[in-house]
Structure formats: structure tokens, C-alpha cells
Amino acid sequence: MDQGGSLINIIINTDSNEPIYEQIENQIKKKIIDNELQTGDSLPSMRSLARNLKVAVITVQRAYEDLQKEGFIETVHGKGSFVSARNVELFKEENYAEIEELAKKMIKISKTSSLSLDNLINLIKNIYEEDI
């Protein structure tokens with residue numbers, strides 16, 4: 001029997017360089033971080049999500065496995081996958097620290113290349129607004 005779980009809206013961009021499993025993974029992560037999906041919420045079964053997205057089950061399986069490794073979801077054999085009680089604030093803090101390190105490297109390279117702060121800000125803004 002295929003367990004449906006919650007219906008979640010995921011958009012697959014076939015023109016993206018990002019693999020489909022990462023698109024699924026990243027959109028589910030964002031829904032958890034934004035509290036659209038909350039602790040204990042049921043996710044669709046791998047089969048039903050694959051069918052809805054018109055992708056292979058193994059693609060959804062890869063996304064779910066990665067989400068489980070990162071602590072975002074828990075899978076209970078025979079019951080399905082659920083949003084775990086992982087501390088989302090900890091995840092945000094870890095990401096902030098990583099962004100801060102990357103920003104320091106970027107600023108160092110920008111200064112070495114005599115790139116103005118305004119040009120750097122415009123570059124970041126343009127990349128941020130791209131559909132990547």
C-alpha cells in the first residue's frame with residue numbers, strides 16, 4: 001500500500017544545472033526552515049512524490065536519504081517519512097557561519113583585485129536574484 005503523506009508543492013526546473021534530487025531536497029529544507037513543514041509532519045511517500053513530480057523513485061529516494069542524513073527528516077519503516085525535531089536554529093547558525101567565512105574570502109579577493117564595495121554589492125545582488 002502506498003502511503004500518501006502530506007501533499008507538498010515542489011517545482012522541478014528541468015533547465016536547471018542543479019540535479020533534480022537536490023531541487024527536491026532544497027525545497028523541502030526551505031519549507032522546514034520557513035515552518036511550512038513542522039516537526040512531526042508527514043511527507044509524501046517516495047512513490048507518490050515521484051509520481052506527482054514525474055521523476056524516478058530513486059531520485060526522490062536520494063533526496064529523502066540526504067535529508068535524513070542532515071537530520072531534517074526521519075523515516076520509520078512501514079510508516080513513512082516525517083519532519084524531525086532537528087533544531088532549525090542550529091542549522092541557520094551553521095549556514096550563517098559558512099556564509100560569513102565565504103564572505104571574508106570574497107572580500108579579500110575583491111580587495112586584492114581592487115573591486116569597489118559598490119561593484120561587489122551589485123555582483124552579489126545580481127547573483128542573489130538569479131534563478132540558481
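All of these numbers come straight from a predicted model, not from anything done at the bench.

Reading guide: rules and limits
Residue numbering note: each chain is counted from 1, following its sequence as written. Under the rules for a predicted model, residues below a pLDDT of 70 receive no local features and side-chain atom pairs below 80 are neither given nor counted, while totals for whole chains, interfaces and linings still include all residues. Excluded from the side-chain calculation are hydrogens and water; included are all heavy atoms of the structure. The secondary structure listing takes helices from DSSP runs of H or I that are at least 4 residues long and strands from runs of E that are at least 2 residues long, numbered from the N terminus. Each radius of gyration is computed over the set of C-alpha atoms, and the globule rule expresses the reference value as 2.2 Å times the number of residues to the power 0.38. Throughout, exposure labels follow a simple rule: accessible area from a 1.4 Å probe, protein chains only, divided by the maximum for the residue type, with under 20% read as buried, over 50% as exposed, and the rest as partly exposed. It only takes one pair of heavy atoms within 4.5 Å for two residues to be counted as in contact. Surface accessibility in these figures is a Shrake-Rupley result with a 1.4 Å probe; residues are shielded only by whichever protein chains are displayed. Counted as positive: Lys and Arg. Counted as negative: Asp and Glu. His and the chain ends are not counted at all. A charge is said to be at NZ when it belongs to Lys, at CZ for Arg, at CG for Asp and at CD for Glu. Any Phe, Tyr or Trp ring, taking Trp's six-membered ring, that has another such ring centre within 6.5 Å forms a pair; planes under 30 degrees apart are called stacked, those over 60 apart edge-to-face, and the others tilted. Note on criteria: charge over ring means Lys NZ or Arg CZ within 6 Å of the ring centre, with the direction from the centre no more than 35 degrees off the ring normal. For our purposes a nonpolar core is just a set of buried Ala, Val, Leu, Ile, Met, Phe, Trp, Tyr and Cys residues, chained together by side-chain atoms within 4.5 Å.

Participant: Mind showing me how you'd approach the overall build of the chain here?
Facilitator: Summing up its helical and strand segments, the chain has five helices and two strands in all. Starting at the N terminus and walking to the C terminus, you meet the elements of the chain as α-α-α-β-β-α-α. A compact globule built from 132 residues would reach a C-alpha radius of gyration of about 14 Å, whereas the chain, at 18 Å, exceeds it by more than 25%. Across its three principal directions, the C-alpha atoms of the chain cover 60 × 35 × 20 Å. Evaluated residue by residue, the chain yields a buried proportion of 27% over its 132 residues. Looking at the chain alone, contacts between residues at least 24 apart form 55% of all its contacts between residues at least 6 apart. Accessible area for the chain stands at about 9400 Å²; split by element, carbon and sulfur atoms hold 53% of it. Separation between the mean location of the 16 positive side-chain charges and that of the 22 negative ones in the chain comes to 2 Å.

Participant: Any chance you could explain the packing of aromatic side chains here in plain terms?
Facilitator: The geometry of an aromatic ring pair comes down to the distance between the two centres and the angle between the two planes. Counted according to the given criterion, the structure contains zero aromatic pairs. Above the face of the Tyr21 ring, Arg62 is positioned so that its terminal group lies 3.9 Å from the ring centre.

Participant: Looking at this structure, I do not really get the nonpolar core. What am I missing?
Facilitator: Across soluble globular proteins, nonpolar side chains have a tendency to be buried as a group. Counting 22 residues, the largest nonpolar core has Ile24, Ile28, Ile32 and Tyr64 as the members making the most contacts within it. Here this core gets five residues from one element, more than from any other, and that element is helix H1 (residues 20–33). Apart from the residues within four sequence positions on either side, Ile32 is in contact with Leu37, Phe72, Ile73, Val83 and Val88.

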